[in-house]
Amino acid sequence: MLPFLGLLALATAWFLLPLVPALRELARPTDIAPLKVVDRSSGYVAYFARNFRRYLEKQTAALPQEQQVGDFFGRLPDGTQLVRVHKAADALEREGAHGAENRLVVVDTPLTLKGGETFLMEVYARSPLTGGPDAVYRAVYAEQELVLGEGSTVLRWAHAGGRLSVGPRSVLRGRISSDAGVMLGGGTVFERIGAPVISVGEPSEPPPAPPAEPRALKLPPEAKRVGSHFRIDGDFDVPEGVRVTTSLVVAGRLRIGLGAIVLGSVKAHRAVQLAGEAQVRGAVVTRTRLVVGAGAWIGGPAIAEERVSLGRGAVVGGPDLPATVSAPEVELAGGATVYGQIIAPNGARTAGG
Amino acid sequence: MRLALLIPLYVVVAVMVTYTIRHYFFTLNRLFGRHRQPYVDIGTAAWPRVAVFVPCHDEQKVIGHMLDALLAADYPADRLAIVPIDDRSTDATGKIVDDYALRFPGRITPLHRTGGRPGKAAALKHGSEQAGADAGIHLVFDADYLPGRGLIKQLVAPFFDPEVGAVMGRVVPINVSRSLLTRLLDLERTGGYQVDQQARMNLRLIPQYGGTVGGVRREALLGVGGWRDDTLAEDTDITFRLVLAGWEVVYQNRSECYEEVPENWPSRIAQIKRWARGHNQSLARYWWPLLKRPPFVRRRTVVDGLLLLGVFAVGPLLLLGWALAMALYYLGIQISAGLLAILAVAMYSTLGNFAAFFEVAAGARLDGSRARLRLLPFLIVGFLVSIVSVSTATLAQLANFWRRGDHRWEKTERHRGPGEPLPGRSG
């Protein structure tokens with residue numbers, strides 16, 4: 001009997017052995033909170049910038065009254081080192097901020113930096129801030145205008161309440177935003193930008209309505225109506241200078257000819273190409289690449305699963321028509337303008353520089 | 001006699017192996033394939049008018065939280081209509097939604113149903129006919145859900161694609177800590193959404209519109225005849241009608257929303273039985289139209305669609321396979337050991353809609369929540385309960401001529417207490 005019981009105990013233990021982690025987790029839970037995934041970081045481009053501003057307001061409000069104004073070198077209540085430049089524009093330099101500045105910098109006065117600085121903590125500017133060339137910023141929040149000099153690098157985010165001008169050959173990691181507009185120099189690399197208007201150089205306007213309504217295109221008989229769009233198997237070319245009055249879904253490649261106008265949205269399972277001055281009033285969606293010719297206009301979001309290329313003076317959205325350009329990679333030629341945001345997780349690049 | 005038993009067994013094993021391959025394929029796709037989420041970054045746009053429908057029956061414990069969450073959404077208020085559909089509630093649900101309507105005039109427009117067919121499908125049909133005519137997008141939430149601020153925009157974004165007819169977001173349990181069951185359901189949801197649904201999105205197959213945390217394009221809905229009120233699974237039903245009509249259904253893994261999962265086994269069993277009956281109705285209705293492959297539907301979409309339609313038939317088939325194997329054994333009929341091995345493997349790894357163990361493990365890994373994965377062995381309990389529940393529901397349905405269905409509210413019991421703290425909210 002005893003050997004049997006021993007064997008039974010051994011067999012039971014052997015069976016339960018793989019269940020030990022499960023039984024432990026059941027008895028003493030270590031991971032029972034709901035997944036923290038709902039609304040985790042918000043797609044809002046200025047999300048981190050706004051959070052930083054709230055943090056700084058809270059911290060500075062907790063400083064003693066006499067430390068809340070004027071030049072100040074000390075610590076915030078949470079222990080973060082702070083330098084506040086109030087009147088003396090050269091205060092940073094006097095305080096030995098050559099090379100790497102590892103304090104949080106608050107600028108209360110219009111300031112122009114010489115360039116070459118490295119800010120390891122955030123920079124907060126209440127007045128216009130003009131950065132010099134080749135500066136490196138962890139993050140910048142400017143209440144008014146912000147100029148980033150040629151060859152600047154932003155590591156996490158930058159936000160300007162006024163216009164944000166970015167010098168050529170800059171590298172902007174993370175999220176870049178402005179409440180007024182962002183003007184990018186040539187050869188600039190970035191990932192996410194959001195602003196009422198984003199342009200490479202001076203912004204372009206959406207095209208005015210054509211002086212004469214172009215002739216309507218008669219779709220091929222094999223086009224099948226699905227809801228308010230027409231679906232076409234295979235490749236399809238919209239000829240030059242015609243007007244398409246509905247939305248289109250094309251199972252192959254789609255080309256929209258010079259000056260043609262589509263009043264609805266378009267989607268292609270392969271590449272989409274808009275020739276110069278073509279217009280799509282709605283959205284453009286492709287499972288591969290979107291090439292937008294010079295002076296062409298897209299009224300709604302431009303979505304590509306591989307790449308978007310905006311030609312010279314191409315425009316997406318409008319002053320009263322915010323839109324998004326989203327693709328793993330984005331290329332922008334000079335004068336290309338987006339009213340809204342550009343999201344390119346693998347990187348966007350402006351031409352030239 | 002021998003062949004009469006062996007042929008069905010071979011069929012069962014073939015089906016099980018097919019589902020096993022499907023699960024492995026989906027899991028490997030999620031672990032190593034390209035993650036496809038083309039619409040998730042549309043954060044700025046000229047947002048269209050949207051109507052959010054919340055069918056509710058005796059939801060006084062949760063409806064206030066739901067309406068608060070919708071009112072806090074960052075969607076332009078002048079383009080968002082909130083339509084709670086109170087379907088003959090016997091508790092204070094009707095009064096609560098009316099109070100909200102008074103406090104937020106123009107934003108909340110409740111509908112009260114006192115007649116007609118009861119049930120969620122009928123409530124949605126009624127709601128979409130009575131409201132939301134000026135809204136191009138109709139979103140649907142269950143009353144126990146807690147959408148985050150940005151969720152409405154995220155769910156609307158895919159509709160800028162003119163081919164998209166329906167969109168589905170991800171459901172995340174909020175009451176995980178309540179019991180072993182809630183923890184197991186949390187794991188199941190992880191496998192089902194993070195792996196199964198997203199893999200189908202990656203592979204351009206048929207992500208399923210799940211009836212909540214999602215929505216439909218109104219013109220697509222009208223084009224296929226609106227919501228059907230003679231089904232228990234209006235979500236599966238509309239998914240297949242849209243696909244057959246040439247619309248695309250998409251899944252957004254990053255559009256997450258909290259839900260309350262059943263906290264006791266009777267609730268869970270009732271829920272799974274309802275899903276099984278509804279899903280089987282869709283299987284009966286759409287397997288043949290899908291197999292005929294209408295224009296624009298690809299072959300692989302047909303295969304995936306048939307497998308998706310059949311997920312609730314897997315449980316009864318599995319039981320049948322076990323019964324056949326036992327019968328053959330006791331009748332002294334030898335079958336190959338390899339076949340038994342396949343059946344055994346399939347038994348432990350293929351349970352259709354409930355996501356198999358490796359899907360759950362991969363999903364938990366992708367979510368970065370590894371400690372909860374230790375409970376994986378207990379999932380066998382949940383799966384066994386599901387197999388039996390689904391099988392009994394299917395058999396009862398067959399006995400009652402499954403196409404007819406029954407029409408009443410079969411709602412899941414709510415457990416949320418008043419004043420209970422909710423994630424991301426103060427007070």
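Residues numbered from 1 in each chain as written. Chains lettered and ligands numbered in written order. Predicted model: local features only at pLDDT ≥ 70, side-chain atom pairs only at ≥ 80, totals over all residues.

Colleague: Can you explain the overall build of chain A? Please cite residues and give values.
Modeller: When helices and strands are counted, chain A shows four helices and 33 strands. For 353 residues, the compact-globule estimate of 2.2 N^0.38 gives 20 Å, and the C-alpha radius of gyration of chain A, at 28 Å, exceeds that figure by more than 25%. Taken along the three principal axes of its C-alpha coordinates, chain A extends 90 × 80 × 30 Å. Out of the 353 residues belonging to chain A, those deemed buried represent 43%. For chain A, the proportion of contacts with a sequence separation of at least 24, taken over those separated by at least 6, is 18%. (Helix = DSSP H or I, 4+ residues; strand = E, 2+ residues; numbered from the N terminus. Rg over C-alpha atoms; globule rule 2.2 N^0.38 Å. Buried ≥ 20, exposed ≤ 12 C-beta atoms within 10 Å, placed from the backbone. Contact = placed C-beta atoms within 7 Å.)

Colleague: Account for the overall build of chain B, with residues named and values stated.
Modeller: Along chain B, the regular secondary structure elements total 14 helices and eight strands. Counting across all 427 residues of chain B, residues that qualify as buried make up 54%. Partitioning the contacts of chain B with sequence separation of at least 6, the portion at a separation of at least 24 is 83%.

Colleague: Describe helix 6 (residues 180-202) of chain B, listing the residues and the values that go with them.
Modeller: Residues and elements named next belong to chain B. The end-to-end C-alpha distance of helix 6 is 32 Å, a good match for the 33 Å that 23 residues give at a rise of 1.5 Å each. Most of helix 6 sits inside the fold, with 20 of its 23 residues counted as buried. Positive phi appears at Arg204, one or two residues downstream of helix 6, with a value of about 55°. (Expected span 1.5 Å × (residues − 1).)

Colleague: An account of helix 13 (residues 357-367) of chain B is needed here, citing residue identities and associated values.
Modeller: Within helix 13 of chain B the residues assigned to the buried category are Phe357, Glu359, Val360, Ala362, Gly363 and Ala364 of chain B. Count one or two residues on from helix 13 of chain B and you reach Gly368 of chain B, which has phi positive near 70°.

Colleague: Describe the sheet that holds strand 5 (residues 146-147) of chain B, and please don't skip the residues or the numbers.
Modeller: Within a sheet, each strand pairs with its neighbour through backbone hydrogen bonds, oriented either parallel or antiparallel. Residues and elements named next belong to chain B. Pairing is mixed across the open sheet formed by eight strands, whose spatial order is 3-2-1-4-7-6-8-5. Either end of the sheet is taken by a strand with one partner, and the two such strands are strand 3 (111-113) and strand 5. Inspection of the sheet shows strand 1 (residues 50-56) paired to strand 4 (residues 137-140) by four bridges, in the parallel sense. Note that in strand 4 the partner of Ala51 across the bridge is His138. Sitting on the sheet, helix 3 (residues 93-103) touches strand 1, strand 2 (80-87) and strand 3, and the angle it makes with strand 2 is about 160°. Across the sheet, helix 4 (residues 120-130) touches strand 1, strand 2, strand 3 and strand 4, and the angle it forms with strand 1 is around 145°. (Pairing = 2+ DSSP bridges. Axes fitted to C-alpha atoms, helices over the stretch in contact; angles between N-to-C directions.)

Colleague: Describe the environment of Arg103 of chain A, naming the residues involved and giving the relevant values.
Modeller: Residue and element names in this part refer to chain A. Positionally, Arg103 belongs in the loop between strand 3 (100-101) and strand 4 (104-107). Along the primary structure Arg103 and Leu113 are separated by 10 residues, whereas in three dimensions their C-alpha atoms are 16 Å apart. Not counting residues within four places of it along the chain, the set of residues in contact with Arg103 comprises Gln81, Leu82, Val83 and Met121.

Colleague: Quick rundown of the environment of Val52 of chain B? Include the residues and the values.
Modeller: Residues and elements named next belong to chain B. Of note, Val52 is situated in strand 1. The exposure class of Val52 is buried, given the 26 C-beta atoms found within 10 Å. In the structure, Val52 is positioned 23 residues away from Asn29 in sequence and 33 Å away in space, judged by C-alpha atoms. Excluding anything up to four places from it in sequence, Val52 contacts Leu70, Leu80, Ile82, Val83, Leu139 and Phe141.

Colleague: Tell me about the pairing of strand 14 (residues 189-200) of chain A, and please be specific about residues and values.
Modeller: Residue and element names in this part refer to chain A. Most of strand 14 is tucked away, with nine of its 12 residues classed as buried. Both strand 12 (residues 171-178) and strand 14 contribute to a ladder of five bridges, which runs parallel. Residue pairing across strands places Ile176 opposite Ile193, the latter belonging to strand 14. Alignment of strand 13 (residues 181-184) against strand 14, held across three bridges, turns out to be parallel. For Val182, the partnering residue across the bridge sits in strand 14 and is Ile198. Both strand 14 and strand 33 (residues 337-350) contribute to a ladder of eight bridges, which runs antiparallel. Each bridged residue has a counterpart across the sheet, and for Ser199 the counterpart in strand 33 is Thr337.

Colleague: Lay out the domain arrangement of chain A with the relevant residues and their values.
Modeller: In terms of domain boundaries, chain A breaks down into domain 1 (47-179) and domain 2 (224-350). The straight-line distance from the C-alpha centre of domain 1 of chain A to that of domain 2 of chain A is 38 Å. (Domains from an automatic or database assignment.)

Colleague: Any chance you could break down unusual backbone geometry for me, citing the residues and the numbers?
Modeller: Residues and elements named next belong to chain B. The backbone of Arg88 sits at a positive phi, close to 40°, despite the residue not being glycine. Its location among the elements puts Arg88 in the loop between strand 2 and helix 3. On the neighbour-count criterion, Arg88 (16 C-beta atoms within 10 Å) is partly exposed. The phi angle at Val213 is positive, at roughly 55°, despite the residue not being glycine. Structurally, Val213 can be placed in the loop between helix 6 and strand 7 (214-217). Exposure remark for Val213: the 27 C-beta atoms within 10 Å place this residue in the buried category.

Colleague: I'd like a description of the interface of chain A and chain B, backed by residues and values.
Modeller: In this assembly, 44 residues from chain A lie in contact with 45 residues from chain B. For the side of chain A that touches chain B, the elements supplying multiple residues, two or more each, are helix 2 (20-27), strand 15 (224-226), strand 16 (229-232), strand 19 (247-250), strand 31 (323-326) and strand 33 of chain A. No other element matches helix 2 of chain A, which puts four residues into the side of chain A that touches chain B. When grouped by side-chain class, the residues that make up the side of chain A that touches chain B number 22 nonpolar, 15 polar and seven charged. (Nonpolar A, V, L, I, M, F, W, Y, C, P; charged D, E, K, R; others polar.)

Colleague: Explain the nonpolar core to me, and be specific about the residues and the numbers.
Modeller: Counting 202 residues, the largest nonpolar core has Leu146 and Ala158 of chain A together with Val50, Val52 and Met66 of chain B as its most contacted members. Composition of this core by domain shows at least three residues from each of domain 1 (47-179) and domain 2 (224-350) of chain A. (Core = buried A, V, L, I, M, F, W, Y, C linked by C-beta atoms within 7 Å.)

Colleague: Just give me the short version of the packing of helix 1 (residues 2-32) of chain B against helix 6 of chain B, but keep the residues and values in it.
Modeller: Residue and element names in this part refer to chain B. Taken N-terminus to C-terminus, the directions of helix 1 and helix 6 make an angle of 75°; their axes are 9 Å apart at the nearest point. In terms of their interaxial angle, helix 1 and helix 6 are classed as roughly perpendicular. Contacts between helix 1 and helix 6 involve Phe26, Thr27, Asn29 and Arg30 from the former and Val195, Asp196, Gln198, Ala199 and Asn202 from the latter. Here the residues of the contact of helix 1 with helix 6 sort into three nonpolar, four polar and two charged. (Parallel < 35°, antiparallel > 145°, perpendicular 65-115°, else oblique.)

Colleague: Tell me about the environment of Val266 of chain A, and name the residues and values.
Modeller: Along the chain, the position of Val266 of chain A falls in strand 22 (residues 266-268). Discounting chain neighbours no more than four positions away, the residues touching Val266 of chain A are Ser247, Leu248, Leu254, Val272, Val280 and Val284 of chain A.

Colleague: So, the confidence of the model for chain B: which residues are in play, and what are the values?
Modeller: Residue and element names in this part refer to chain B. Averaged over all residues, the pLDDT of chain B is 88; the fraction at 70 or higher stands at 89%. Looking across chain B, the model is least confident in helix 12 (residues 337-349), with a mean pLDDT of 62, and most confident in strand 4, with 98. Considering only residues more than four positions removed or in separate chains, one finds that residues 350-355, a stretch of pLDDT under 50, has 26 contacts. With pTM at 0.91, the complex prediction returns an ipTM value of 0.91. (pLDDT = per-residue confidence, 0-100.)

Colleague: Before we move on, could you go through the pairing of strand 16 of chain A and cite the residues and values that matter?
Modeller: Residues and elements named next belong to chain A. Sheet analysis places strand 15 next to strand 16, joined by three bridges and oriented antiparallel. When the bridges of strand 16 are listed, Val226 appears paired with His229. In this antiparallel pair of consecutive strands, strand 15 and strand 16, the connection spans two residues, and Gly227 shows a positive phi of 60°. Where strand 16 and strand 19 come together, four bridges link them in parallel fashion. The residue of strand 19 that forms the bridge with Phe230 is Leu248.

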